[in-house]
Amino acid sequence: MSMSDAPVLSRPVKSLLDLIGKTPMIEVTRIDAGPCRLFLKLESQNPGGSIKDRIALTMIEAAEKQGWLKPGGTIVEATAGNTGLALTLVGKQKGYKVLLVIPDKMSKEKIQHLRAMGADVRLTRSDVPHGHPEYYTDMAERLAQQIPGGYFVNQFANDANAEAHFQTTGPEIWEQMEGDVDAFVAGIGSGGTITGIARYLKSQGSKAEIILADPVGSALAGLVNEGVPGPDGSYTVEGIGQNFMPETTDPSLIDRAYSIPDAEAIATVRELLLKEGILAGSSSGTLIATALRWCREQTEPKRVVTLVCDTGAKYLSKVYNDAWLADQGLSQRELHGDLSDLITRKYANGDVVVIGPDDTLDTAFKRMKGDGVSQLPVIQDGRLVGILDESDIVHIMNTDDITRKDRFAKPVSSAMTRDLDTLQVKETLDALIPIFDRDRVAIVLDGETFVGLITRTDLINHLSLNR
């Protein structure tokens, strides 16, 4: 029996937990999928904004049933962010304390979100392997043992993880696709999603090919395709990829794997927003890029399902920030061998925060604080006339007898530096060293036109990316 095409509205519920699951499915129509039809299950529509709401509810309820989590207890978990958000959502609704150990490469939006929800967030290193005392799962397990009433969720070895998807996500996909699925694409973070959904599809007699989407630098694609770990490396995509196969994963269910570079994943998820209007997270880019590769390899029509794992609102400072992508070496930039290679934030593009000479010091300071910078170019009628840094403001604050309010009301022109260290954009990197030796920031011009600023950090980052 086919489902109605009309949306079905539900009655009001008593708790956000009642809204977990039953997420919509949408077909991609404006991105080339070869001969195939590509469908996205919008797990970003869960109340916590990700697919992890499903497993959080199931794992916590299983722990309560088994007596491992008692009233007043503390939920402890290692997470890339989304499981933490989901555990905090569910845990707080149920009256538990939540302590989360998170790798330090996670987006600041996730960390701020977690702390705003009342989670105790502990950041740890993202550059150490499984087994190291500062690896996030090892650290979380240790903390859970030290806390009275602490329960280590351990999503990587928790049977309720895959069971959540066997009981909910898998059946929903089967119903929405009316049992007609030729391929299903997912990543492995903790392993429950791909395992639970694959098990359900196979339990229904489906012949769907199960495809693993893995970031380049993760070991998992190699383990699936060749039986040996793929080349170890770093990657910026969050939430999927590991240097070990999680216990929750049944690799025998997976037919093949694709390794997707960060640049391809990010380009895909940004194309998804531009063409389909869907704001998705970085791991979704890996999944959709894999699905598109598989689709374009086919010679006859197939129906393919993958996931929008979470909302891209958690990645605005990263995936959807052109300057951040350039800093990571992920943007498509032609190198010229001069100072232009180091300028990822250009004044002409509106990327540089500036101030006018007639603006107040209070306005200047608020811009510095709001954008996390310590100096501002001073622009008048499109021309660079000075630079203002924190030390200039401090000097004004300490040298006048007028009130503090009046000091902040002074114009920028009263404090800015007019003696500027400028370089031409076509000069080489060596020209930066004398300026940095004088503890200055380099101001780069093209003729008389202001191009941008270069700091020591910009130079070090450029050298690191182009070793």
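Once a new chain begins, its residue numbering starts again from 1 and follows that chain's sequence as written. For a predicted model such as this one, the threshold for reporting local features is a pLDDT of at least 70, and the threshold for listing and counting side-chain atom pairs is 80 or more; totals across whole chains, interfaces and linings nevertheless cover every residue. Where side-chain values are given, they derive from all heavy atoms of the structure, hydrogens and water being excluded.

J.: Break down the domain arrangement of the protein for me, with residues and values.
T.: These domain limits were set by an automatic method or by a database of domain assignments. Each assigned domain of the protein is listed here: domain 1 (16-48 + 159-307), domain 2 (52-152) and domain 3 (334-466). Placing a centre on the C-alpha atoms of domain 1 and another on those of domain 3 gives a separation of 44 Å.

J.: Can you explain the side chain of glutamine 242? Please cite residues and give values.
T.: A run of H or I in DSSP becomes a helix once it reaches four residues, and a run of E becomes a strand once it reaches two; helices and strands are each numbered from the N terminus. Inspection of the secondary structure assignment puts glutamine 242 in the loop between helix 7 (220-225) and strand 9 (256-260). Polar contacts here mean pairs of N or O atoms no more than 3.5 Å apart (in protein, one a potential hydrogen donor and the other a potential acceptor; neighbouring residues in sequence count only if both atoms are side-chain atoms). Reaching out from glutamine 242, the side chain makes a polar contact with the backbone oxygen of glycine 189 at a distance of 2.8 Å. By the convention used here, residues are in contact when the closest approach between their heavy atoms is within 4.5 Å. Those residues in contact with glutamine 242 that sit more than four places away from it in its chain are Tyr135, Tyr136, Phe156, Ile188, Gly189, Ser218, Ala219, Leu220 and Tyr235.

J.: Describe the packing of helix 2 (residues 82-93) against helix 3 (residues 108-116), with residues and values.
T.: Fitting a line to C-alpha atoms yields each axis, with helices limited to the stretch in contact; the angle taken between N-to-C directions then spans 0 to 180 degrees. Closest axis-to-axis distance for the helix 2/helix 3 pair is 10 Å, and the angle between their directions is 15°. In this view, helix 2 runs roughly parallel relative to helix 3, as classed from their interaxial angle. By crossing handedness, the relation of helix 2 to helix 3 is classed as left-handed. Of the residues in helix 3, those touching helix 2 at Asn82, Gly84, Leu85 and Thr88 are Lys110, His113 and Leu114. Classification used: nonpolar for Ala, Val, Leu, Ile, Met, Phe, Trp, Tyr, Cys and Pro, charged for Asp, Glu, Lys and Arg, polar for all others including Gly. The class makeup of the residues in the contact of helix 2 with helix 3 is 2 nonpolar, 4 polar and 1 charged. An angle counts as roughly parallel when it lies under 35 degrees, as roughly antiparallel when it exceeds 145, as roughly perpendicular when it falls between 65 and 115, and as oblique in every other case. A crossing counts as left-handed when the near helix is turned anticlockwise from the far one by less than a right angle, and as right-handed when that turn is clockwise.

J.: How would you summarise the environment of alanine 119 if you had to cite specific residues and measurements?
T.: Within the secondary structure layout, alanine 119 lies in the loop between helix 3 and strand 5 (120-124). Along the sequence, alanine 119 and glycine 91 sit 28 residues apart, while their C-alpha atoms lie 9.6 Å from each other. In this structure alanine 119 touches Thr88, Val98, Leu100 and Leu114, once residues within four positions along its chain are discounted.

J.: Before we move on, can you summarise the nonpolar core with the specific residues and values?
T.: It is characteristic of soluble globular proteins that their nonpolar side chains tend to be buried jointly. Among buried residues, the Ala, Val, Leu, Ile, Met, Phe, Trp, Tyr and Cys ones that are joined through side-chain atoms within 4.5 Å form a nonpolar core. Partly exposed describes any residue whose relative accessible area lies between the buried limit of under 20% and the exposed limit of over 50%, with all areas from a 1.4 Å probe on protein chains only and scaled to the type maximum. Grouped together as the largest cluster of nonpolar side chains are 62 residues, with contacts concentrated most on Leu38, Leu40, Phe184, Leu212, Trp294 and Val304. In terms of residues, this core owes the most to one element, helix 9 (residues 282-297), which gives 7 residues. Beyond its immediate stretch of four places on either side in the chain, tryptophan 294 contacts Cys36, Asp182, Ala183, Glu209, Ile211, Arg256, Tyr258, Lys302 and Val304.

J.: Mind laying out the sheet that holds strand 15 (residues 449-454), listing which residues take part and the relevant values?
T.: Taken in spatial order, the 3 strands make up an open sheet running 13-14-15, and their pairing is mixed. Edge positions in the sheet fall to strand 13 (422-424) and strand 15, since each has one partner strand and no second. Going across the sheet, the axis of each strand differs from the next one's by a mean of 35°, ignoring polarity. Any two strands are treated as partners once DSSP identifies two or more bridges connecting them. Here strand 14 (residues 442-446) pairs with strand 15 via 5 bridges, running antiparallel. Residue pairing in the sheet places aspartate 446 in a bridge with threonine 449 of strand 15.

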